[in-house]
Every structure is written in structure tokens, then in C-alpha cells.
Amino acid sequence: MRKRRRWYAAQLVLLWWASLAWICTARAEPVQMVTEAWPPLLVEGESGPEGVLWEITEAVFQRMDTPVELTFLPWKRAMRQLERGHSDAILGIKRNPDRARRFQFSGVPLVSSESVILHTRARSETLDDLADLDGLRIGYSAGYFYCPEFEALDTIHRHRVPDLDAGLKMLELERIDALLMNRQVAEFYVSQDRYQGRFRASPHVACTMDLFIAFSRQTSESLIHSFDEALRQLRSSPAYQDMLRRYRNATGRS
């Protein structure tokens, strides 16, 4: 009986060491993350990812002592990759009920995203809030979720645009009346020389939503829990406040 107990104890020790070795090996593998370029907040630089959203994300994984790699893809393709388990996580995603069924969301947001309405300067009236969009042709990017208030509007004409550059071209040619965009992203595009001040962003925020990291259904809960804890710690630090200031002033404007 004692020999059998010792044998069971030895087997438990071996299983424990095997599990520990597996965890260490898993942690040594980089977390494979995908996203779409979203200048100036997420940029595919010459030496790798750049932008304040990546800066926050990378700082969190450094606190976890976990390597991470980021690949830039068109947004809908990035979400397909995640849903099929071909990547581990997606960066800078908004949460809605459909996505919550498909992915595992971090419980802690990276930042909040403020959306504004972008229209041409030639337009006689300013489009200031969502109520001003009634009856207008509004461009939207495929696969994006803006905010519940916008998604619920049934008095607008929606026009799908393949990407932001195409949407701005449609806006310039008056094929649509407005675009809903993140404030920093809108200000970045408005300031570009190629657009020569043709566009104007609404002075007030039209809607606000948090930006998260979402993980695939195959990702371990322990990794997500560790990520949330590390992000909470970062958010309570002075370093995060510095990053947040850079996020708010991402266009270089005060």
C-alpha cells in the first residue's frame, strides 16, 4: 500500500513538473496579435509597429514577461484570423454582443475612443452630432463597429467604404455626406497636405466607446487574466498617464 502511495505521489510530481514545463514553453512562444493600421494611433513603421496603442500593449506584455508580435492586416481579415484561431489576439477592438460571442475580451480597456463626424468644408452647415445625420449618406468601414447610438440610426443611408482613404475620396467627390471617425484619426487625416484643408471634423464628440484587446477562443484564460492584471497595474502608474497624454495629443496638436 505504501509503495502504491509513493508511486502515485511520484506520478503527481511528474505531472506537476510536466505542466510547469508546458506553461514555461507556452510563455516562451510570442503572442501573435493582429490589427489594422490606424494612423496616428497604430502605424506600421520601418522598424516595427508604432503608435500609442502599440506602446500601451507592448508595455503590458513586458510586465508579463511575455513576447508579443503584431501583424497588420485589413480589419475584416484580422477578425477572421482571430475567429479561426490563426492568431491569438486583436488590438484596438470595440466590444459588442456579437463579438463577445466570437472572442474572449480583456476585462480592462486600453483607452476610450472618441468619434467625431467628418465632412467637407464646402458644406454650408456643420454636422455636430448624430442627430444632424438624419437623411444623409454616411460612409462606414466594413467590419467596424462605431457605437450603439450610431448603429441604431435608421434614418441614414449607409455606404460601405473599403478603407479610410477610399472613404475620404468618396467624401471629396460628394458621393457621401460624412464619415464617422476616431477624433485623433480624423484630425490626422484633416491635417495631411494631400487633402489641403478640404475636410472639417465636428467640434464635439458624437459618441464614445472603449478600445480593448480581444483574444481567440483558444487562448488560455490564465493568459487573459495575467494580461488584465498587468494592464490594471499599468493604468495606475504615471507611465500610463504619459501614454494617455500622447494618445490625446496624437496628432501633435495641443
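What counts, and at which threshold
- Residues numbered from 1 in each chain as written.
- Predicted model: local features only at pLDDT ≥ 70, side-chain atom pairs only at ≥ 80, totals over all residues.
- Heavy atoms only, no water.
- Buried < 20%, exposed > 50% of the residue type's maximum accessible area, 1.4 Å probe, protein only.
- Helix = DSSP H or I, 4+ residues; strand = E, 2+ residues; numbered from the N terminus.
- Pairing = 2+ DSSP bridges.
- pLDDT = per-residue confidence, 0-100.
- Contact = heavy atoms within 4.5 Å.
- Expected span 1.5 Å × (residues − 1).
- Core = buried A, V, L, I, M, F, W, Y, C linked by side-chain atoms within 4.5 Å.
- Axes fitted to C-alpha atoms, helices over the stretch in contact; angles between N-to-C directions.
- Parallel < 35°, antiparallel > 145°, perpendicular 65-115°, else oblique.
- Left-handed = near helix turned anticlockwise from the far one by under 90°.
- Nonpolar A, V, L, I, M, F, W, Y, C, P; charged D, E, K, R; others polar.
- Polar contact = N/O pair within 3.5 Å; in protein donor to acceptor, adjacent residues only side chain to side chain.
- Patch = residues over 30% accessible without salt bridge, like charges linked within 9 Å, V, L, I, M, F, W, Y side chains within 5 Å.
- Areas by Shrake-Rupley, 256 points an atom, 1.4 Å probe, with all protein chains shown as cover.
- Salt bridge = Lys/Arg side-chain N within 4 Å of Asp/Glu carboxyl O.
- Lys, Arg positive; Asp, Glu negative; His and termini not counted.
- Charge placed at Lys NZ, Arg CZ, Asp CG, Glu CD.

A. Fine view of the pairing of strand β1 (residues 31-35). Where burial is concerned, most of β1 is hidden: four out of the five residues are buried. Strand direction decides the pairing type here: β1 and strand β5 (residues 89-93), joined by two bridges, are parallel. Bridging from a neighbouring strand, Val34 pairs with Ile90 of β5.

B. How the structure looks around the confidence of the model for the protein chain. Summarising the model, the protein chain shows a mean pLDDT of 88, and 87% of its residues fall at 70 or more. This stretch, residues 12-27, has a pLDDT under 50; its non-local contacts, to residues over four places away or in other chains, come to four contacts.

C. Fine view of unusual backbone geometry. Here the residue pair Pro39 and Pro40 is connected by a cis peptide bond, since its omega of 5 degrees sits within 30 degrees of zero. Mapped onto the secondary structure, Pro40 falls in the loop between β1 and β2 (43-45). In the Ramachandran plot, Asp65 falls in the positive-phi region, its phi being about 55 degrees despite a non-glycine side chain. Structurally, Asp65 is set in the loop between α2 (52-63) and β4 (68-72). Residue Asp65 is classed as exposed on the basis of its relative accessible area, which comes to 66%. Despite not being glycine, Glu174 has its phi angle at roughly 65 degrees, a positive value. Within the secondary structure layout, Glu174 lies in the loop between α6 (164-172) and β10 (178-182).

D. How the structure looks around α2. When the terminal C-alpha atoms of α2 are compared, their 17 Å separation across 12 residues agrees well with the 16 Å that a helix rising 1.5 Å per residue should span. Those residues of α2 that fall on the buried side of the exposure criterion are Val52, Leu53, Trp54, Ile56, Thr57, Ala59, Val60 and Phe61. A positive phi of about 55 degrees marks Asp65, the residue just after α2.

E. Local environment of the nonpolar core. Counting residues in each nonpolar core, the largest one holds 50 residues, and the members touching the most others are Ile56, Leu118 and Phe227. When residues of this core are assigned to their parent elements, the largest contribution, seven residues, is made by α2. The residues contacting Leu118, other than those within four sequence positions of it, are Leu168, Leu171, Asp177, Ala178, Leu179, Met181, Ala186, Val190, Phe199, Arg200 and Ala201. Grouped together as the second largest cluster of nonpolar side chains are 17 residues, Ile117, Leu133, Phe145 and Leu153 included.

F. Up close: the packing of α2 against helix α9 (residues 238-248). Between α2 and α9, the shortest axis-to-axis distance is 9 Å and the interhelical angle comes to 165 degrees. One way to sum up the angle between α2 and α9 is to call them roughly antiparallel. The handedness of the crossing between α2 and α9 is left-handed. Of α9, the residues touching α2 (which contributes Val52, Glu55, Ile56 and Ala59) are Tyr240, Met243, Arg246 and Tyr247. Considering only residue class, the contact of α2 with α9 consists of six nonpolar, no polar and two charged.

G. The arrangement of the side chain of Ser202 in detail. With respect to the element layout, Ser202 can be found in the loop between β11 (199-201) and β12 (207-215). On the basis of relative accessibility, which here comes to 5%, the residue Ser202 falls in the buried class. Here the side chain of Ser202 touches His204 through a polar contact of 3.0 Å, landing on its backbone oxygen. When residues no more than four places from it in sequence are discounted, the contact partners of Ser202 are Val116, Ile117, Leu127 and Asp128.

H. Highlighting helix α8 (residues 221-235). Taking 1.5 Å per residue, 15 residues should reach 21 Å; α8 reaches 21 Å between its end C-alpha atoms and fits that length. Buried within α8 we find Leu223, Ile224, Phe227, Asp228, Ala230, Leu231 and Leu234. Looking at the buried positions of α8, the neighbouring elements they touch are β1, α2, β6 (104-105), β12 and α9.

I. Representation of the environment of Gly135. Checked against the element boundaries, Gly135 lands in the loop between β7 (111-120) and β8 (137-141). A sequence separation of 22 residues divides Gly135 from His157, and the C-alpha atoms of the two residues are 6.6 Å apart. Aside from chain neighbours lying at most four places away, what touches Gly135 is Thr155, Ile156 and His157.

J. Local environment of a positive patch on the surface. Taken together, the side chains of Lys76, Arg77, Arg80, Arg84 and Arg160 present a region of like positive charge at the surface. The leading source of residues in the positive patch is helix α3 (residues 75-83), at three residues. Summarising the element assignment, Lys76 is placed in helix α3.

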